[in-house]
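# Overview (structure and organization)
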Amino acid sequence: MILLNPGPANTTPTVKQAMTVADICPREADFGDLLLQVRDDLVRVVQGEDTHTAVLFCGSGTAAVEAAIASAVAPTGRLLVIENGAYGTRMAAIAAAYGIAHDRLDYGVGTYPDLQRLETQLAGQRYSHVAVVHHETSTGMLNPIEHIADRSHAHGAKVIVDAMSSYAGLPLDIRSCGADLLISSSNKCIQGMAGISFVICSRELLDCLAPIPGRSYYLNMLQQHRYLEEQRQMQFTPPVQVVYALSQALKEFFAEGQTARTKRYFANFETLDHGMRALGFRRLLPEGQLSRILTAYLEPSHPNYSFSAFHDDLYRQGFTIYPGKGAAERTFRLANMGDLTPADMQAFLTAVQRTVTELGLQPLYHDRDRQGPDGH
Ligand SMILES: *Cc1c(COP(=O)(O)O)cnc(C)c1O
């Protein structure tokens, strides 16, 4: 199955095979060595090896987002959440769940952040932290985190970046991208299995964290970090085989190299997007805002179209597509992350063409004159 959903992404056969290992107790020293190697490699992906570390959690990506917010924003602090999609909204929901003082700077789903509005917000209220999503996977928009971090730092706020679906896909340098806490998981562009998520931050920042009563017991960065440092074990049972797969995925990442991985993803995007537009599909966002890791396309307005019929016909041909999330206009989403090549994208386009014909979806859109952004 070719997965065009935004993670868990397709993995290589060698990553899958890495899970088949002899049984081992995760409290053995050998497993501790593996954990520390994985942790250090995760930091090396964003070039923070001399200054930064990663705090690992068992759980999907949201676990690490929750850990970062719950561990970093002190009771005396205040969080500003930048929202322009479902994952920004989720960060605000996490802050609300913990009763953390926060404000939402809500641009609207799929609207590019206006930095002047951010500046006004930062000038009008004192924030200890600003939270932003790098690649807003609900629309495929790449947010300008460097600029946002720059303005936030100028006002004395630390920056929490959800880089779930950009980490290892796009080049990120932890020392220059502006993230004080950077979050991702094992099953997106790093191409491992689902089950581990992590927060990368400086050792200096970790040293300044203090326990906060009333926050999460399990998703506690300080406690989790200390335990691994001191005991060379995870505090709670890790998904053993997922860690082996992640270790292999990291080896394969470094063998491919960040530059080549990004280049492959972008080549996937070019093939996919060119073909989709040639078939008449329109994008939600203009070219300049695209992550080129996931793209939202407007759903056809043809009466024969339904997402489930479209999805099921493609699924029968070996492809999984993903529904839209939150945008005012109805969309479906195609990701091009994972162990995929332009040839896979070409095979998908052939399948889409067949589905469009079989379901009788032409013309895709009724308002033939109306074009998507930048004419597509
Ligand atoms: C995938 C994703 C998450 C985490 O989702 P989980 O289902 O918890 O893994 C969070 N933020 C973004 C931007 C994502 O793409």
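Please refer to the structure higher up on the page.
Residues numbered from 1 in each chain as written. Predicted model: local features only at pLDDT ≥ 70, side-chain atom pairs only at ≥ 80, totals over all residues. Heavy atoms only, no water.

A separate point is the overall build of the protein. What the protein contains, in helices and strands, is 12 helices and 14 strands. Relative to the compact-globule value of 21 Å for 376 residues, the protein shows a C-alpha radius of gyration of 21 Å, a close match. Its C-alpha atoms put the protein at 60 × 55 × 35 Å along the principal axes. Out of the 376 residues in the protein, the part that is buried amounts to 58%. Taking all contacts inside the protein whose residues are at least 6 apart in sequence as the whole, residues at least 24 apart take part in 74%. Approximately 15,100 Å² of the protein is accessible, and the part contributed by carbon and sulfur atoms is 51%. In the protein, which carries 32 positive and 39 negative side-chain charges, the distance between the mean positions of the two groups comes to 2 Å. (Helix = DSSP H or I, 4+ residues; strand = E, 2+ residues; numbered from the N terminus. Rg over C-alpha atoms; globule rule 2.2 N^0.38 Å. Buried < 20%, exposed > 50% of the residue type's maximum accessible area, 1.4 Å probe, protein only. Contact = heavy atoms within 4.5 Å. Areas by Shrake-Rupley, 256 points an atom, 1.4 Å probe, with all protein chains shown as cover. Lys, Arg positive; Asp, Glu negative; His and termini not counted. Charge placed at Lys NZ, Arg CZ, Asp CG, Glu CD.)

Glancing now at the packing of helix α9 (residues 240-256) against helix α10 (residues 258-278). Contact geometry of α9 with α10 gives a least axis separation of 6 Å together with a crossing angle of 90°. When the axis of α9 is compared with that of α10, the two are roughly perpendicular. Judged by residue contacts, Glu-252, Phe-253 and Glu-256 of α9 engage Gln-258, Ala-260, Arg-261 and Arg-264 from α10. Grouping the amino acids of the contact of α9 with α10 by side-chain chemistry returns 2 nonpolar, 1 polar and 4 charged. (Axes fitted to C-alpha atoms, helices over the stretch in contact; angles between N-to-C directions. Parallel < 35°, antiparallel > 145°, perpendicular 65-115°, else oblique. Nonpolar A, V, L, I, M, F, W, Y, C, P; charged D, E, K, R; others polar.)

We now examine the layout of surface pockets. Counted as a void, the largest pocket has a volume near 430 Å³. Elements supplying a minimum of two residues to the lining of the largest pocket: α3 (61-72) and α7 (203-208). Per-element tally for the lining of the largest pocket: the top contributor is α7, with 3 residues. The class makeup of the residues in the lining of the largest pocket is 10 nonpolar, 9 polar and 4 charged. (1 Å grid on protein atoms, 1.4 Å probe; cavity = no way out; pocket = protein on both sides within 12 Å on 5 of 7 lines; lining within 4 Å. Points joined across faces, edges and corners; volume = space filled by probe spheres on them.)

Turning to the sheet that holds strand β4 (residues 102-106), a few remarks are in order. Overall, mixed pairing links the 7 strands, which are arranged β2-β10-β9-β8-β5-β3-β4 in an open sheet. Each edge of the open sheet is held by one strand with a lone partner, namely β2 (52-58) and β4. Between one strand axis and the next, the sheet turns through 20° on average, direction left out of account. Relative to strand β5 (residues 129-133), strand β3 (residues 79-83) runs parallel, the two being bridged by 3 bridges. Opposite Val-81, over in β5, you have Ala-131 as the bridge partner. Across the sheet, helix α5 (residues 115-124) touches β3, β4 and β5, and the angle it forms with β4 is around 160°. The strands touched by helix α8 (residues 221-231) within the sheet are β2, β9 (181-185) and β10 (196-202), with β2 carrying the most contacts at an inclination of about 100°. (Pairing = 2+ DSSP bridges.)

What follows is about helix α6 (residues 145-154). Every buried residue of α6 is accounted for by Ile-145, Ile-148, Ala-149 and Ser-152. Buried residues of α6, viewed axially, fall in a sector of 95°; they line one side. Structurally, α6 contributes buried residues whose contacts are with β3, α5, β5 and β8 (158-162). Downstream of α6 by one or two residues, Gly-156 has phi in the positive range, about 80°. (Arc of directions from axis to C-beta.)

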